[in-house]
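Fold and contact review
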Amino acid sequence: MENEKTLKHNKGALILLTGIPGAGKSFVSHKIVQQIPKDFIVIKINFDKTENLLNNQTLNENTRFSLIEQATASFDSLVKIDSINLITQDDLFQSDTTLIQDQDYNHIAWKENRKLVYDLVLEIVQNFVGKYELNKKLMIILDDNFLLNSMRKPYYKLAARCDLAYCELYVK
């Protein structure tokens, strides 16, 4: 398979799961994780859950940088544990990001969430690629609707810049 050969030459992969709410993106991400070989470290981030984390915080640049520092430190400690293959937003933020249904929409939290996840992915990719001499590759699965092309494009550019295979999966 050509895709498998390509992935072997990359430092990892970035997968964006797109689709309307309720289409089954989280289910698909769970099934993908079950099929990933053990020589990968998988980071799975659900945008809804990270947004839920931000809804209850005072949002500013310091908060975002503080959360990124916390998540990066968690990633640094988790990635060194040989038996760890899956890291979720709950592991990174060391908090319960369980989805609260019927929570009021907060457009500021939504925007901050997009910035936070992108900055976090960038930080982790740069740290992982430059810092660790592991026999593992990095796979990041992002679960969001990514409705607009402008929501996906920064991740495409990041993957190209950091030598990651890139995949968009649209779930109907």
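Residues numbered from 1 in each chain as written. Predicted model: local features only at pLDDT ≥ 70, side-chain atom pairs only at ≥ 80, totals over all residues. Heavy atoms only, no water.

**Observations concerning helix α7 (residues 149–161)**
- Between its first and last C-alpha atoms α7 spans 18 Å; for 13 residues at 1.5 Å apiece the expected length is 18 Å, and the two agree.
- Along α7, the residues classified as buried are M151, R152, Y155, L158 and A159. The arc that holds every buried residue of α7, seen down its axis, measures 115 degrees, which confines them to one face. Turned more than 90 degrees off the buried face of α7, the exposed positions are S150, A160 and R161.
- Where α7 terminates, the next one or two residues include D163, which has phi positive at roughly 60 degrees. (Helix = DSSP H or I, 4+ residues; strand = E, 2+ residues; numbered from the N terminus. Expected span 1.5 Å × (residues − 1). Buried < 20%, exposed > 50% of the residue type's maximum accessible area, 1.4 Å probe, protein only. Arc of directions from axis to C-beta.)

**Describing the nonpolar core**
- Counting 34 residues, the largest nonpolar core has I43, F75, L92, V121, L142 and Y155 as the members making the most contacts within it.
- Those elements giving two or more residues to this core turn out to be β1 (12–18), β2 (40–46), α3 (47–55), α4 (61–79), α5 (89–93), α6 (107–131), β4 (137–143) and α7.
- The element that contributes the greatest number of residues to this core is α6, accounting for 8 residues.
- In this structure L142 touches L14, I15, L16, L17, I45, F47, V117, V121 and Y155, once residues within four positions along its chain are discounted.
- Judged by nonpolar contacts, the second largest core, of 11 residues, contains A13, I15, V42 and I141. (Core = buried A, V, L, I, M, F, W, Y, C linked by side-chain atoms within 4.5 Å. Contact = heavy atoms within 4.5 Å.)

**Digging into the sheet that holds strand β3 (residues 86–88)**
- Pairing within the open sheet is parallel, and its 5 strands lie in the order β3-β2-β4-β1-β5. The sheet is open, and its two borders are formed by β3 and β5 (165–170), each paired with just one other strand. Shown here is a sheet whose adjacent strand axes are inclined to one another by a mean of 15 degrees, direction ignored. (Pairing = 2+ DSSP bridges. Axes fitted to C-alpha atoms, helices over the stretch in contact; angles between N-to-C directions.)

**Some details on the confidence of the model for the protein chain**
- Here the protein chain shows a mean pLDDT of 81. Residues at 70 or above account for 80%.
- Confidence over residues 1–7 falls short of pLDDT 50; this stretch has 5 contacts with residues more than four positions distant or in other chains. (pLDDT = per-residue confidence, 0-100.)

**Some points on the pattern of salt bridges**
- Summed over the entire model, instances satisfying the criterion amount to 2 salt bridges.
- Among the salt bridges present, the one from R114 reaches D144, with a minimum N-O distance of 2.5 Å. Here the residue R114 occupies a position in helix α6, and D144 occupies one in the loop between β4 and α7, the gap between them amounting to 30 residues. Grouping residues by exposure puts R114 and D144 together as buried. (Salt bridge = Lys/Arg side-chain N within 4 Å of Asp/Glu carboxyl O.)

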